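# Residue-level structural notes
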4 protein chains.
Amino acid sequence: MISHQCKLRVLYPDTDKMGYVHHSNYARYCEKARWELLRDLGVSYKDIEDAGVMLPVVGMSFKYLKPAVYDELLRIETQLSEIKGPLLKFDYSIFNEKNELINKGETTLAFVDAQSRKPCHPSPLLLKALKERENIVN
Amino acid sequence: MISHQCKLRVLYPDTDKMGYVHHSNYARYCEKARWELLRDLGVSYKDIEDAGVMLPVVGMSFKYLKPAVYDELLRIETQLSEIKGPLLKFDYSIFNEKNELINKGETTLAFVDAQSRKPCHPSPLLLKALKERENIVN
Amino acid sequence: MISHQCKLRVLYPDTDKMGYVHHSNYARYCEKARWELLRDLGVSYKDIEDAGVMLPVVGMSFKYLKPAVYDELLRIETQLSEIKGPLLKFDYSIFNEKNELINKGETTLAFVDAQSRKPCHPSPLLLKALKERENIVN
Amino acid sequence: MISHQCKLRVLYPDTDKMGYVHHSNYARYCEKARWELLRDLGVSYKDIEDAGVMLPVVGMSFKYLKPAVYDELLRIETQLSEIKGPLLKFDYSIFNEKNELINKGETTLAFVDAQSRKPCHPSPLLLKALKERENIVN
């Protein structure tokens, strides 16, 4: 299991009239976090796509435990938790500046061939980067 | 159980470089759908907020079955499926122009007092509108 | 000069913590309005792209006169004001529910060949649709 | 004249089906850049709002010279170019990784009293921070 931390500041347009971050933004926050995990692993998502494998999201869920507010510096802990068949799963825990857990999320992505747009084997680039770190592939 | 249908056209900025609707947009699509369900029921979410009750999302999940593309006219079937304590649950089925199910979603919202920002009883305005239609409250 | 009106309801995520529509959303509102003008003219922007011509924005400006709020039904008056060389210009006036002018905008788009990604002649599909309505081409 | 540079990576949802950054995102990019300029000056926009002064955008314009693509690390040069009456103006130049100028923008913001929602004198917090750096106030 590969884990990664990143920080992300809440922008003004991410807030809504409640004064909190609108719930839709967590999808974007977690996408940023998982691609930073990959970059830290030595492979960018851009490289993976350029090599012909896309990773669309096929499942996503979030539990919103506490609101986030404008200008907060959030901390996202991301785990690449599973690669199984054509699926890749990430888990997220988001913390506010008081270090309170404010959100638990998970996303499942599918390895898809960029030409045929059909499910395919895991990206060789990603597998190589993972093997160089540690082997989580089932 | 109250159900509602609405149509929604995919806008250009909703797409990403894959050529599909980016997964984050489904949160916005379903928010539009549930407030149109309420409006159809005779109460707008704005009225509910103006009367002092907010409805932040506390849980959300989506299964992405097929992609949606630019300019498609999607059909969203929304169900107000449960009111239990301070929670309100909606289920969504999204269909493309070929009438294929492309997305299954659910969101759980909490009734929150706009002043204290604490969980509160269900909005009286919403309960009144529901009783006039049919009684789904457990 | 071709003109068109459309209505558009302000969604919750379009608002920010000031309680107003965030200024960035007007770009999306006006994009929706101009493609509805084209659709009303008998040609969709999707058809234009599918026929090999893209219309990226090369200039955009807005004057924000009054704020818009959640759930307001805005009215957008759009004018296709000029086609000159590879450029296409639209002007927008946005009105609130009290019929007050709240925003004046303009966007300039370029006809671009989808393959070469270079400026090109105006879309034949668009020119045909315009000629059937009236001739504004300089 | 106060100037500032920041870097910003293009995220996947910022792209559209053309494969470029959708034009609406530049408003968000420049908002991030100007608040980073203020933070660098020693005052955050959050502090300014918390002290009772809001800064809504009253004018915005962009010239799009070249497209930006996914994962590019853009560089934004921001200038706080003028404070005149209740107005505050920023200019932006955005460069791609090849150091090509891809976008020129400007935004005009108004100092607004958060209670009355009327134009007001420039934020004392901002003026103080500016005087400590250099005096640009006309």
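Predicted model, so just to flag it, every value in this text is computed and none were measured.

Residues and elements named next belong to chain B. For the pair helix α1 (residues 25–41) and helix α3 (residues 124–133), interaxial distance at closest approach is 9 Å and the crossing angle is 65°. Two packed elements cross with a definite hand, and for α1 against α3 that hand is left-handed. For the pair α1 and α3, the contacting residues are Leu38, Asp40 and Leu41 in the first and Leu126, Ala129, Leu130 and Arg133 in the second. Class assignment for the residues of the contact of α1 with α3 results in 5 nonpolar, no polar and 2 charged.

When chain A is fitted to chain B, the residual RMSD is 0.0 Å, and the transformation amounts to a turn of 180° plus an axial shift of 0.0 Å. Expressed as a symmetry operation, the mapping of one chain copy onto the other fits a two-fold axis. For chain A, the minimum C-alpha distance to the rotation axis belongs to Ser61 of chain A and amounts to 2.0 Å. The share of interface residues of chain A whose copies in chain B are also at the interface is 100%, consistent with both copies meeting through the same surface.

Now for the sheet that holds strand β1 (residues 2–9) of chain B. With respect to topology, 10 strands assemble into an open sheet ordered β1(A)-β4(A)-β5(A)-β6(A)-β3(A)-β3(B)-β6(B)-β5(B)-β4(B)-β1(B), the strand pairing being antiparallel. Where the open sheet ends on each side, the last strands, each with one partner, are β1 (2–9) of chain A together with β1 of chain B. Neighbouring strand axes in the sheet, compared pairwise and without regard to direction, differ in orientation by 15° on average. In terms of strand pairing, strand β3 (residues 57–64) of chain B meets strand β6 (residues 101–110) of chain B through 7 bridges, oriented antiparallel. Each residue of the ladder has a partner; that of Val57 of chain B, found in β6 of chain B, is Leu109 of chain B.

Here the focus is the relation of the copies chain C and chain A. Taken as rigid bodies, chain C and chain A are interconverted by a rotation of 180° and an axial shift of 0.0 Å, the fit giving an RMSD of 0.0 Å. The overlap is high: 100% of the interface residues of chain C also sit at the interface in chain A, so the same surface is used on both sides.

Here the focus is the sheet that holds strand β1 (residues 2–9) of chain D. Strand order in the open sheet made by the 10 strands is β1(C)-β4(C)-β5(C)-β6(C)-β3(C)-β3(D)-β6(D)-β5(D)-β4(D)-β1(D), with antiparallel pairing throughout. Two strands in the sheet have a free side with no partner beyond their single neighbour: β1 (2–9) of chain C together with β1 of chain D. Taking each pair of neighbouring strands and ignoring which way they run, the sheet shows an average axis angle of 15°. Strand direction decides the pairing type here: strand β3 (residues 57–64) of chain C and strand β3 (residues 57–64) of chain D, joined by 5 bridges, are antiparallel. Within the sheet, the bridge partner assigned to Lys63 of chain C lies in β3 of chain D and is Gly59 of chain D.

Attention shifts here to the interface of chain C and chain A. Accessible area lost when the parts come together is the quantity often used to give the size of an interface. Taken residue by residue, the interface counts 9 residues in chain C and 9 residues in chain A. Here chain C and chain A share an interface that buries about 900 Å² over both sides, 68% of which is from carbon and sulfur atoms. The interface formed by chain C and chain A holds 0 salt bridges in total. At the boundary of chain C and chain A, one finds 3 residue pairs in polar contact (both at pLDDT 80 or more).

What follows deals with the interface of chain A and chain B. Counting residues at the interface gives 24 residues for chain A and 24 residues for chain B. In total, chain A and chain B occlude about 2000 Å² of area from one another, counting both sides; carbon and sulfur atoms represent 55% of this. On the chain A side of the contact with chain B, Met18, His23 and Met60 of chain A bury the most area, a combined 30% of that side's loss. Where chain A packs against chain B, one counts 2 salt bridges. Where Glu49 of chain B meets Lys17 of chain A, a salt bridge forms, and the shortest distance between an N and an O atom there is 2.5 Å. Counting the contacts that link chain A with chain B gives 12 residue pairs in polar contact (both at pLDDT 80 or more). Elements with a minimum of two residues in the side of chain A that touches chain B: α1 (25–41), α2 (45–50) and β3 (57–64) of chain A. Per-element tally for the side of chain A that touches chain B: the top contributor is β3 of chain A, with 8 residues. In terms of residue class, the side of chain A that touches chain B is built from 12 nonpolar, 5 polar and 7 charged.

What counts as what
- Residues numbered from 1 in each chain as written.
- Chains lettered and ligands numbered in written order.
- Predicted model: local features only at pLDDT ≥ 70, side-chain atom pairs only at ≥ 80, totals over all residues.
- Heavy atoms only, no water.
- Axes fitted to C-alpha atoms, helices over the stretch in contact; angles between N-to-C directions.
- Helix = DSSP H or I, 4+ residues; strand = E, 2+ residues; numbered from the N terminus.
- Left-handed = near helix turned anticlockwise from the far one by under 90°.
- Contact = heavy atoms within 4.5 Å.
- Nonpolar A, V, L, I, M, F, W, Y, C, P; charged D, E, K, R; others polar.
- Least-squares fit on C-alpha atoms with pLDDT ≥ 70 in both.
- Pairing = 2+ DSSP bridges.
- Buried area = accessible area lost by both parts, 1.4 Å probe.
- Salt bridge = Lys/Arg side-chain N within 4 Å of Asp/Glu carboxyl O.
- Polar contact = N/O pair within 3.5 Å; in protein donor to acceptor, adjacent residues only side chain to side chain.

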